[in-house]
Amino acid sequence: MATIYIDNKPYEVKDGQNLLNACLSLGFNIPYFCWHPAMHSVGACRQCAVKQFKDENDTRGRIVMSCMTPATDGARISIDDPDARKFRASIIEWLMINHPHDCPVCDEGGECHLQDMTVMAGHVYRRYRFKKRTHRNQYLGPLVNHEMNRCIQCYRCVRFYRDYAGGRDFNVFACHDHVYFGRHKGGVLENQFSGNLVEVCPTGVFTDKTLKKHYTRKWDLQSAPSVCVHCGLGCNTIPGERYGKLRRILNRYNSEVNGYFLCDRGRFGYEFVNSDKRIKQIFIRPGKKSDAVPASKENALKHMTDAIHFGANVIGIGSPRASLEANFALRSLIGPENFYSGMSGKEHGLVSTIISILRKGPARAPSLHDVRNADAVLVLGEDVLNTAPMLALSLRQAVKQRSLDIAKKLRIPEWHNDAVRNAAQNERSPLFIATPCSTGIDDIAEQTYRAAPDDLARLGFAVAHELDPALPQVTELNTDTLLLVKSIARALSEAKRPVIVSGIGCVSETVIHAAANIAWALCEKDINAQLCYTVPDCNSMGLGLMDAKKINEAFSAVRAGDADAVIVLENDLYRRFDAELLDSFFKKVKHIIAIDHTFTKTTAMADLIFPACTFAESTGTIVNNEGRAQRFYQVLKPGSDIQASWRWLREVMISSGETFAEKWQGFDDVTNAMIDALPVFNSVRELTPPSSYRVHGMKIPRQPHRYSGRTAILANVNVHEPELPDDPDSPLSFSMEGHEGQPQSSLISRFWSPGWNSVQSVNKFQEEIAGPLRGGDPGKRLIEPQLQSGRPDYFYDLPGAFILHHGEWLIVPLYHIFGSEELSAISGGILELVPKLYLGLNPEDLRSIGKKEGETIELNLLNRKYDLSVKAMPYLPRGIAGLPYGLPGLHGIELPAWGKLK
């Protein structure tokens, strides 16, 4: 610890910080623009000036930039010195010379960092009388809006886009005093994290284009803490609502998970909540071939009760995109013996395998924060940029660990961004990527390896054998592969914090086993290795922990005899299973009941449809890929017929005579019942305070106190606001009235502090800058390694090498950040970026069948024919073809599988 003096008062700060970081951590207000806690200091804006003194006898001092000055022991500074204040006011005046001062029409107005810093710096009057510099704006795609005239040249955007996120289609262009941030020509931003420009930019240059479609002032929004539902990583979010419509998603800081950023799928995929595909009322289908018609709740519950009468054979199918509470309610209604996971047979088995590995082995599952700090990484079989995007962003930071080590040896502080980059040049920590096809992070990899899933597993087993000769040896590897194996094993064994990344992207159990062997072999060498698996849905791990049955068993049970009813919970089974198989399954079922929030092919088969809440309209718990349980809270009140899935199931239970469900008066009751029935969820009780929690007798407001000055959009209809709804399920209120201080971290519905209206106000909620939130970050881990000593139970299921089949290709799944995930793919902005159907082939394979790129090819796969546009993909190995996962027209195909081409 170091002691620094601020305006003659001593303060203890951590070693190795700069003065700006230290002062903000202590709660002082210093204006800044170019500095960002995740990207550190470059000293570009000169706004964070303070006066520094040599010692207590120095009365003159000198102006220094606090972001570029180390907080050394004994340092003496003044924030409120008149010269420092005058300097900061002059800097902001110069920065504002060409700004259009268009706050009333700017999308950023009301939570603008530039507004905050202008007030904080003391600039109040504009003296510049000449013509302003102006620019033309660019089209940057359907997600981000561009208004270049508001730029103050802080360089944050280009530093994030290029240096932090690895984008290459965005840059700074300058000539004399004309500095322009954008693309070399208009076009869609190619980087999958471009939406972070909205929050990184301190002005209104980059704004949320999806919000612009249904814009509302920031103080009109009510918000709640939430969790992203578009992949298995569980990034924390803040959804904003007004007049029953979800308007936007902001990042919710969690140092252990997503930190300061979100991927574009998580930020812009929310529009499915407002989609015209939403189910907003109850529907009953009188006959199998008739259309569904609206029905009353009474008729629907009677129909449901008749379908699941005493002694009926009822099957319940859960969902990896539904909350723990919803799945548990269904499990309680039909009994554990009749509860099926709703994941495909392969997916169910792989998720169960991952949970077993993380429990029984010595390697711990890392958080994204742990991944960011890894000093060596092997990615085995997973296209992380498209299956778990924020994991890819974390890996981009992990390869910078070597540059930090080099800087440390040269005594360059970590926060001195340019100096660290210059010292390290192109040095990176080792990252090895072994996948069937190229990935979006190959540019930072030390070496890449392309092969079929079985050969990827063989590579993994060979690395494990290199680390521990007692493990199975892989024969018949060529010289290049053997050299790669040795390089990977050497890099991992020399690392202090290696991470092995894998998942179910290859749909291969042996790949998952190989990754576990590598991590466990490292742990046996006393190396702190961690094992990161990705899973496809937001609650895949939570559903896996419920020990549900494989749905294939339900298909078999129905084939053996007709079922009276099947209840499908928030799940489009046609995305996961063959359509003919499902059609046959549903034909043998007398009653099909669907509880969902979005019309799907599955709901089209149902004779009774209950409208469920989305994540924005309900409260629930989900478990991410590392086993971290997290709570999302309702942000808007749904329509009259729409209820949380567990509430529909409770009403069904009560109408069916199940009296225990009468005790489920609120969300806490369901959660407690789940914990009593399934002890694996014990820690869920400690996730957040109960609904009875109050601070000084008050709830936590969803609405900001500035909501009192809201804009009356519906004033032409009625000047009266609707009555505020009650929320019995949480400590949050649908009001601006309540406790205005900082609540527990799991209940933070917005980041705001006096003088800090922008997202930069998060620094007021942290224990230290870029550290955990006060009181700890949200979430509780449910899975920890149980093996403390002894040899792990290694895997020995070594697959054979991939062999080319004459006239056949192994079809493997290819993933897309836009399109492969079900809900975001129907969101307006994302929908424009979903690729068209194609089949990827190696160019040599293309030539061998006499086809050219762009031509149509017929694929015979699993007794089905598909006409697809062919795409040349040089990094696909020969004999392997890639088929996009999840795109319309390609649902229900279980890959890998062998197929023929014409």
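Heads up: these notes are all about the structure in this document. None of the values given here were measured: they were computed from a predicted structure.

A word on the overall build of the chain
- Each helix and strand counted, the chain has 26 helices and 36 strands in total.
- Taken against the 2.2 N^0.38 rule, which gives 29 Å for 902 residues, the C-alpha radius of gyration of the chain at 28 Å falls within 12% of a compact globule.
- Expressed as lengths along the three principal axes of its C-alpha atoms, the size of the chain is roughly 90 × 75 × 55 Å.
- A burial count over the chain gives 62% of its 902 residues as buried.

Focus on the environment of Ser 226
- Within the secondary structure, Ser 226 is located in strand E11 (residues 226-227).
- As a C-alpha pair, Ser 226 and Gln 630 span 404 residues in sequence and 8.6 Å in three-dimensional space.

Topic: the sheet that holds strand E5 (residues 76-78)
- Read across the open sheet, the five strands follow the order E2-E1-E5-E3-E4; overall the sheet is mixed. Each having just a single partner strand, strand E2 (9-13) and strand E4 (62-65) make up the two edges of the open sheet. If you compare each strand with its neighbour and ignore which way they point, the axes differ by 40° on average.
- Two elements, strand E1 (residues 2-6) and E2, share five bridges in a ladder whose sense is antiparallel. Note on E2: the bridge partner recorded for Tyr 5 is Pro 10.
- Contacts from helix H2 (residues 82-95) reach strand E3 (49-53), E4 and E5 within the one sheet, and its direction differs from that of E3 by about 155°.

Considerations on the packing of aromatic side chains
- As enumerated under the stated definition, the model contains 26 aromatic pairs in all.
- Arranged with centres 6.4 Å apart and planes meeting at 55°, the rings of Tyr 260 and Phe 261 form a pair that is tilted.
- With a centroid separation of 4.8 Å and an interplanar angle of 40°, the aromatic rings of Phe 610 and Trp 648 are classed as tilted. Taken together, the residues span a long stretch of sequence, with Phe 610 in strand E25 (residues 608-611) and Trp 648 in helix H23 (residues 645-655) at a distance of 38 residues.
- Clustering of aromatic rings is evident, with ring pairs tying together Phe 160, Tyr 164, Tyr 253, Tyr 260 and Phe 261.

Quick notes on the pairing of strand E26 (residues 620-623)
- Residues of E26 alternate between two faces, with Gly 620 and Ile 622 on one and Thr 621 and Val 623 on the opposite face, all of them buried.
- In this sheet, strand E27 (residues 628-632) lies alongside E26 in antiparallel orientation, the contact comprising four bridges. Across the sheet, Ile 622 pairs through a bridge with Gln 630, a residue of E27.
- A loop of four residues connects E26 with E27, the two strands running antiparallel in sequence, and Gly 627 in this loop sits at a positive phi of about 85°.

Some thoughts on helix H9 (residues 324-334)
- For H9, a buried count of 10 out of 11 residues is recorded, marking the element as mostly surrounded by other parts of the structure.
- Those residues of H9 lying buried are Leu 324, Glu 325, Ala 326, Asn 327, Phe 328, Ala 329, Leu 330, Arg 331, Leu 333 and Ile 334.
- Gly 335 occupies a position one or two residues after H9 and carries a positive phi of about 90°.

Considering the packing of H9 against H23
- Between H9 and H23, the shortest axis-to-axis distance is 8 Å and the interhelical angle comes to 15°. Put simply, H9 runs roughly parallel to H23. Note on packing geometry: the crossing formed by H9 with H23 is left-handed. Across the interface between the two elements, Glu 325, Ala 326, Ala 329, Leu 330, Ser 332 and Leu 333 from H9 touch Ser 645, Trp 646, Leu 649, Val 652 and Met 653 from H23.
- Per-class residue counts for the contact of H9 with H23 are eight nonpolar, two polar and one charged.

A short note on the pattern of salt bridges
- As enumerated under the stated definition, the model contains 45 salt bridges in all.
- With its nearest N and O atoms 2.9 Å apart, the salt bridge here joins Arg 396 to Asp 443. Of the two residues, Arg 396 is situated in helix H13 (residues 389-398) and Asp 443 in the loop between strand E19 (431-435) and strand E20 (447-450); the sequence distance between them amounts to 47 residues.
- A single network of salt bridges, built from pairs that share partners, joins Glu 256, Arg 364, Asp 370, Glu 626, Arg 628, Arg 781 and Glu 784.

Some thoughts on the state of the cysteines
- Taken as a whole and judged by the stated rule, the model has zero disulfides.
- Cys 23 takes part in no disulfide bond, and the closest cysteine sulfur to it belongs to Cys 48, at a distance of 9.7 Å.
- Take Cys 23: its relative accessible area is 0%, and that puts it in the buried class.
- Cys 201 supplies the cysteine sulfur nearest to Cys 154, a cysteine that is in no disulfide, at a spacing of 6.2 Å.

Things to note about the environment of Gln 138
- Along the chain, Gln 138 turns up in the loop between helix H3 (113-121) and strand E6 (144-146).
- By relative accessible area, which is 15% here, Gln 138 ends up buried.
- Residues Gln 138 and Lys 185 lie 47 residues apart in sequence; the distance between their C-alpha atoms is 7.6 Å.
- If near-sequence neighbours (up to four positions away) are discounted, Gln 138 is found in contact with His 146, Tyr 180, Gly 182, Arg 183, His 184, Lys 185 and Gly 186.

So, how was this worked out
Residues numbered from 1 in each chain as written. Predicted model: local features only at pLDDT ≥ 70, side-chain atom pairs only at ≥ 80, totals over all residues. Heavy atoms only, no water. Helix = DSSP H or I, 4+ residues; strand = E, 2+ residues; numbered from the N terminus. Rg over C-alpha atoms; globule rule 2.2 N^0.38 Å. Buried < 20%, exposed > 50% of the residue type's maximum accessible area, 1.4 Å probe, protein only. Pairing = 2+ DSSP bridges. Axes fitted to C-alpha atoms, helices over the stretch in contact; angles between N-to-C directions. Contact = heavy atoms within 4.5 Å. Phe/Tyr/Trp six-rings, centres within 6.5 Å; stacked < 30°, edge-to-face > 60°. Parallel < 35°, antiparallel > 145°, perpendicular 65-115°, else oblique. Left-handed = near helix turned anticlockwise from the far one by under 90°. Nonpolar A, V, L, I, M, F, W, Y, C, P; charged D, E, K, R; others polar. Salt bridge = Lys/Arg side-chain N within 4 Å of Asp/Glu carboxyl O. Disulfide = S-S within 2.5 Å.

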